[in-house]
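One-letter residues, chain by chain:
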Amino acid sequence: SSGINAEYGDNEVYDEVDAREVFDLIREVRDPEHPHSLEELSVVRLDLISCSDSDSSVDVQFTPTIPHCSMATLIGLSLKVKLLRSLSSRFKVDVRITPGTHNTEDAINKQLSDKERVAAALENPHLLNMVNQCIYGL
C-alpha cells in the first residue's frame, strides 16, 4: 500500500464534521408545503444539532411549524436522507422532533430511528420523489 494513503488516509473518512457543517447541509432542505427552506421556517436550527466526530454521531432535532403538522415524518425523512447521502457512512445519524413540539413525536421518532422502515419508505417511488423534491427543490 502507498505510504501517502497510510499516512493521510481517505479524506472522507477523516474529514472532521461539526454542527455548523451539518446545519449547512440541511438548511436549504425545502418544506413540502411551503416555498421556503427549513431554516427560513425555523424548523432546523444550529443550536438543535449536536455532533461528535470522535463518536461518529450526528443528532439533529427539528421543530415542526405546528404541533399537528402532517408533514413531520416527510420532513424528518428528508433531513435523514440528505445527511446519509452527504456524510461518510461511518456516521450514525439520528433525526428527531424537538421534544414537546409535535402531538405524535414519539411515533414519528420511532419511525425515523428504524433503519428498516426508512429503507422501506425510500423504496416507495412516490415517497422518494417527495423526499428528493424537499432535498433538491425539484
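Treat the numbers as computed from the prediction; the structure is a model and nothing was measured.

Calculation criteria
- Residues numbered from 1 in each chain as written.
- Predicted model: local features only at pLDDT ≥ 70, side-chain atom pairs only at ≥ 80, totals over all residues.
- Heavy atoms only, no water.
- Helix = DSSP H or I, 4+ residues; strand = E, 2+ residues; numbered from the N terminus.
- Polar contact = N/O pair within 3.5 Å; in protein donor to acceptor, adjacent residues only side chain to side chain.
- Contact = heavy atoms within 4.5 Å.
- Buried < 20%, exposed > 50% of the residue type's maximum accessible area, 1.4 Å probe, protein only.
- Arc of directions from axis to C-beta.
- Core = buried A, V, L, I, M, F, W, Y, C linked by side-chain atoms within 4.5 Å.

Novice: What is the right way to read the side chain of T101 from this model?
Specialist: Position of T101 among the secondary structure elements: in the loop between β3 (92-97) and α5 (105-113). Within the structure, the side chain of T101 is placed 2.6 Å from the backbone oxygen of T98, a separation counted as a polar contact. Excluding residues that lie within four positions of it along the chain, T101 makes contacts with F62, T63, P64, I66 and P67.

Novice: In this structure, what is going on with unusual backbone geometry? I would like to understand it.
Specialist: A negative phi angle characterises most non-glycine residues, just as the trans form characterises most peptide bonds. Residues other than glycine seldom take positive phi values, yet S42 does so here, at roughly 60°. At S56, a residue that is not glycine, the phi angle is positive and equals roughly 55°. Relative to the helices and strands, S56 resides in the loop between β1 (49-52) and β2 (57-62).

Novice: Before we go on, may I ask you to explain α5 in this structure?
Specialist: Residues spaced three or four apart along an α-helix face the same direction, because each turn holds 3.6 residues. Taken together, the buried positions of α5 are occupied by E105, I108, N109 and L112. The buried side chains of α5 occupy one side of the element, clustering within an arc of 100° when seen end-on. Pointing more than 90 degrees away from the buried face of α5 are the exposed residues D106 and K110. Tucked into the core, α5 has its buried residues touching β2, α4 (72-86), β3 and α6 (115-122).

Novice: Sorry, what's going on with the nonpolar core here?
Specialist: The nonpolar side chains of a soluble globular protein tend to be buried with one another. Core analysis: the biggest nonpolar cluster contains 32 residues, and I26, V60, F62, L79, L83 and V95 have the highest contact counts within it. Mapped by element, the contributors of at least two residues to this core are α3 (19-26), β2, α4, β3, α5, α6 and α7 (125-136). At seven residues, the largest contribution of residues to this core is made by α4. Excluding anything up to four places from it in sequence, L79 contacts I26, V29, L38, V44, F62 and V95.

Novice: Got a minute to help me understand the side chain of S52 in this structure?
Specialist: In this structure, S52 sits in strand β1. For S52, a relative accessible area of 18% puts it in the buried group. Within the structure, S52 has its side chain in polar contact with the backbone nitrogen of D55 (distance 3.1 Å). Ignoring any residue separated from it by four or fewer positions in sequence, one finds S52 in contact with S57 and F91.

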